[in-house]
Structure formats: structure tokens, C-alpha cells
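Below, each chain spelled out in residue letters.
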Amino acid sequence: MGRPGLRGLHPLLSSPSSRLPVFRVFRVFQVSRVFCVFHVFDRVCTRPRGPLNPAGLKTHRIALYPGDGIGVDVTDAAVAVLRALEPSIESSRFELTRFDWGCRYYDQHGVVAPPDFIATLRPFDAIFLGAVGWPQRLPDYITLKPLITIRQTFDQWACVRPARTFPGVPGPLAGAPTVDLVVIRENSEGEYVDNGGRFRIGHPDEFAVQSALHTRRGIERALRFGFELARKRRHRLTLATKSNAQRYAFTLWDEVLDLVRAEYRDVETDKQHIDAIAMNFVRRPGFFDVVVGSNLFGDILTDLSGAITGGLGLNPSANLNPERTAPSLFEPVHGSAPDIAGKGIANPTGAILALAMMLDWLGEPAAARRVERAVEAVLGRGERTPDLGGNLGTVAFTEKIIGAATA
Ligand SMILES: NC(=O)c1ccc[n+]([C@@H]2O[C@H](COP(=O)([O-])OP(=O)(O)OC[C@H]3O[C@@H](n4cnc5c(N)ncnc54)[C@H](O)[C@@H]3O)[C@@H](O)[C@H]2O)c1
């Protein structure tokens, strides 16, 4: 089969055809499953909310949360690409509102984001995040808290993280295998629920309790999302489990997989323990198509999937609320990279590909394709940032992308 790359995601990211609630039966008959898979999860599908302005243009309202470190640089890069493309997106305009939350905000206000940040973000059509965190300045549990709160409050339960190799980008694996996989990370519960405590703090017998929460509903919807995606790609799904050692949570994951896979007999399904997947991502990455994992497993695996494709700076991430009852969030997979912050050398590719995923989600697939093709063309010519062995800074690389996208 051909390489689906990000293209396999588009049916999952593109919008259905009506803004009004549409019941499942109607949806099934109205459009093929290729264009709307969300009826599988819910009784209604809704369209992006962008209202028409007096000129008849749709307005997409985007909240920008650049965050810390290189999050600011890569957000600026993605915004520059969007602004350059905007004139060619004839029916839409983008209204961008920037929120300078993070470490600098903390220095002034004693908090990394205002207490009402969730209410502030809720009316937007999408959120674009650079990266948060700067451990040398503030503990991560403070800087990353708003991001985790956004994901959970807005029920962005499907975290979609594609990773692929690009011609022109050297990877670290011997034999330069082609990698083209997507990790679906359950994004609303699992190991990242805020549940636990520290006891006898500072004493020699101090102890900590951290509980994970895995629900049948949460597992099932993540798996169904993965199966639907696998059907658009190479028809293979792998569950990341650990039921040999975690005999409550991951036996539930295994059991739900067995139930759901019966409905997807056209998808080859297997399960591997997380440690085996970590090994096999390196040994035979070409085996993997769609990988579904819990919040923690998906988080860890996508640093690895980034590394085996050439570098963390390449990979985008979409935190989706598939029901569209709240905004979804788009971001690169990487963090704020304090070690290179302020040097102007951050690779903005992951952020720019996250922009493409956001454009798809907002119902602008043609613009999304232009962005992706521009990235492929520029990397294919060997024009790269230093993390990939090149010598272009963030701004110069972004200009190349803009040149290719607007040519
Ligand atoms: N979603 C997020 O905002 C997110 C994700 C991961 C980590 N973090 C946070 O980011 C901070 C730094 O974490 P870390 O150092 O473990 O991970 P990191 O992803 O920031 O960096 C890991 C390594 O990859 C390099 N790197 C990452 N992105 C790059 C890019 N776009 N271009 C070039 N090089 C790049 C860095 O220089 C660093 O050497 C921490 O506070 C962490 O909690 C945030």
C-alpha cells in the first residue's frame, strides 16, 4: 500500500457538512464514512462554529497560547505561515487572539494563567499552543497544569500524533527504514488524572500515592477512534498494554480491545506490552500503523516516534474533542526546549504541521494540504534546521516554507 502519511488522518480531521445537530442515522445516509466518522461516537455531529461576517466570510477564532521557551518561536512561525496563506483561503478569515501565559506571566501575577482561563478559551473555535514548561524557572506541575486542565475540561479525549519520515531528513536508525505511524493517545484520564497525595512530607518515611483512572467508556472511544483511523490507512492497529504487570487497568484495556476488534475484522489487530513496543519502534518501525495507548504510554511513545523519524521538532499533535462541544487544541509534540530557547534555531516543523491539522479540523483541507506539501518540498530539498543537520534558523526555515506554500 502507499504511504498514507498525514493524509490518512484527514477524514478524521475534516468537518462534517452541517452546523446543526444531525442524528446518527441521517448522518450515515447523508455522507460516506470517509467524510464523517464521528457518528460512531455520538448522536450528533456539528460543524466548525465560525460565523459569517458581513462580507460573507467565515471567521475562525483561534486562541494562541505560545507558552514558554521555543513555544513562542514555533507559534510565531506557524502564525506567519497562516497569515501568508490567508489571502488564498477565499471563504475564510482567521481571528487570532494571543494569550501570553506561562513563566513570564507568573513573574508578574504569581500564576501561570488567570483563574478564568478556561472560560476565556471556551468560545474559541480552536486553541494553538506552542509549548509550556521551564523547569529551571518553575516546577513543571505548575506550568503544565493549564494544558492538562484544558485537555480534560474540554474533553479532548483523542490525542492524534502522527510520525513519519521525510525524504531529505536523515533518521537515526540503521538502514533508514520508512516510518509512517500514528499514535492515538487516550487524553482525558488514565495516569494523568489529578488523584493522589504526598504524606509525611519531608520525613524519612514520606510516601506518595498516585492513582490512575481507566474507564470502559474512555478506553472504548479511544480504541474506536483508532480503528476508524486504521481503516483509512493500512488496516493495522496495535494496542499498547502492560497487563502482565498492571493487572487491573490493562486487563480492562485488553478486554475492551477484544470486544471492539470483533466489529473491525478488516483491521489486523495485535497488542504488545509497552516495553516491547518501545523496542519494536526501534527494531521494526515499519510494522506499525495505528497504535493506541493510555495517556502515559502515548506520551512516552510519541517522544520515541519523534526520535526515530529524525527529531522531536518534526511531529505535530491534535488534542481533539471529536464531538465539538468545546475547542480542540493543536500543538507540536515537543516541549519548550529551554536548552535552545532564545537561540533562534528551533525547528518549527511540528508546529507548522500542527497548523495543517488545525486547518483540516476547521474545514480548510486545501490550505492544510498546501502546508504539508510545502513542508515536504522544503525538507526534500535538504533545507533544514540545525537539529536535523541543517543550518537554517527558525525564521529562515519558515520563510522557505512560506515561499513553497505560496508559490
Ligand atoms: N506539550 C508541552 O507543552 C510539553 C511537552 C513536552 C515537554 N514539555 C515541557 O518542556 C520542558 C522541556 O522538556 P524536555 O527538555 O524534556 O523536552 P523538549 O521536547 O523540550 O526537548 C527535548 C530535546 O529535544 C530538543 N528539541 C525539542 N523540540 C525541538 C525543536 N522544535 N527544534 C529543535 N530541537 C528541539 C531540545 O532542544 C531538547 O534537547 C519541560 O518543562 C517539559 O515538561 C512540554
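See the structure printed just above.
Predicted model only: the values in this text are computed from it and were never measured.

### A short note on the overall build of the protein chain
When you go through the protein chain residue by residue, the secondary structure sums to 14 helices and 14 strands. Looking at the protein chain residue by residue over its 407 residues, the buried ones come to 49%. Across the protein chain, contacts joining residues at least 24 apart in sequence account for 75% of those joining residues at least 6 apart.

### Some points on the sheet that holds strand S12 (residues 290-293)
Strand order in the open sheet formed by 10 strands is S4-S3-S5-S14-S13-S6-S7-S12-S10-S11, and the pairing between neighbours is mixed. Each edge of the sheet is formed by a strand with only one pairing partner; in this case those strands are strand S4 (92-98) and strand S11 (268-273). For this sheet, the mean inter-axis angle between neighbouring strands, taken without regard to orientation, is 20 degrees. Alignment of strand S10 (residues 236-241) against S12, held across three bridges, turns out to be parallel. By the bridge assignment for S12, Leu 237 is matched with Val 290. Taken strand by strand, helix H3 (residues 70-85) contacts strand S3 (58-67), S4, strand S5 (126-131) and strand S14 (328-332), and its axis lies near 135 degrees from that of S5. Along the sheet face, helix H9 (residues 249-261) touches S10 and S11 and points at about 160 degrees away from the line of S10.

### Concerning the nonpolar core
Ranked by internal contacts, the top residues of the largest apolar core, which has 97 residues, are Ala 78, Val 81, Ile 184, Leu 355 and Val 371. Considering every element that reaches this core, the biggest residue donor is helix H12 (residues 349-361), with 10 residues. Residues from two domains meet in this core; each of domain 1 (11-156 + 316-407) and domain 2 (172-308) gives at least three. When sequence neighbours within four positions are dropped, the list of residues in contact with Val 81 reads Ile 352, Leu 355, Val 371, Thr 398, Ile 401, Ile 402 and Ala 405.

### Looking at unusual backbone geometry
Residue Ala 176 is not a glycine yet carries a positive backbone phi of 45 degrees. In this structure, Ala 176 sits in the loop between strand S6 (158-164) and strand S7 (180-186). You will see that Arg 200, though not glycine, has its phi angle at about 55 degrees, which is positive. Along the chain, the position of Arg 200 falls in the loop between strand S8 (196-199) and strand S9 (207-210).

### A closer look at the environment of Ala 356
Note on placement: Ala 356 falls in helix H12. C-beta crowding within 10 Å serves as the criterion here: with 29 such atoms nearby, Ala 356 is assigned to the buried category. Taking C-alpha positions, Ala 356 is 7.2 Å from Arg 369, a pair spaced 13 residues apart along the chain.

### Notes on the site of the ligand
In the vicinity of the ligand there are 24 residues, among which Gly 133, Gly 313, His 334, Gly 335 and Asn 347 approach most closely. Broken down by class, the residue content of the shell around the ligand amounts to 13 nonpolar, seven polar and four charged.

### Some details on the packing of helix H10 (residues 274-283) against helix H11 (residues 295-308)
One way to put it is that H10 packs onto H11 with a least axis distance of 10 Å and a crossing angle of 10 degrees. Relative to H11, the element H10 is oriented roughly parallel. Facing H10, whose interface residues are Ile 274, Ile 277, Ala 278, Phe 281 and Val 282, H11 presents Phe 297, Leu 301, Leu 304, Ser 305 and Ile 308. Its residues assigned to classes, the contact of H10 with H11 shows nine nonpolar, one polar and no charged.

Reading guide: rules and limits
- Residues numbered from 1 in each chain as written.
- Predicted model: local features only at pLDDT ≥ 70, side-chain atom pairs only at ≥ 80, totals over all residues.
- Helix = DSSP H or I, 4+ residues; strand = E, 2+ residues; numbered from the N terminus.
- Buried ≥ 20, exposed ≤ 12 C-beta atoms within 10 Å, placed from the backbone.
- Contact = placed C-beta atoms within 7 Å.
- Pairing = 2+ DSSP bridges.
- Axes fitted to C-alpha atoms, helices over the stretch in contact; angles between N-to-C directions.
- Core = buried A, V, L, I, M, F, W, Y, C linked by C-beta atoms within 7 Å.
- Domains from an automatic or database assignment.
- Near = placed C-beta within 6 Å.
- Nonpolar A, V, L, I, M, F, W, Y, C, P; charged D, E, K, R; others polar.
- Parallel < 35°, antiparallel > 145°, perpendicular 65-115°, else oblique.

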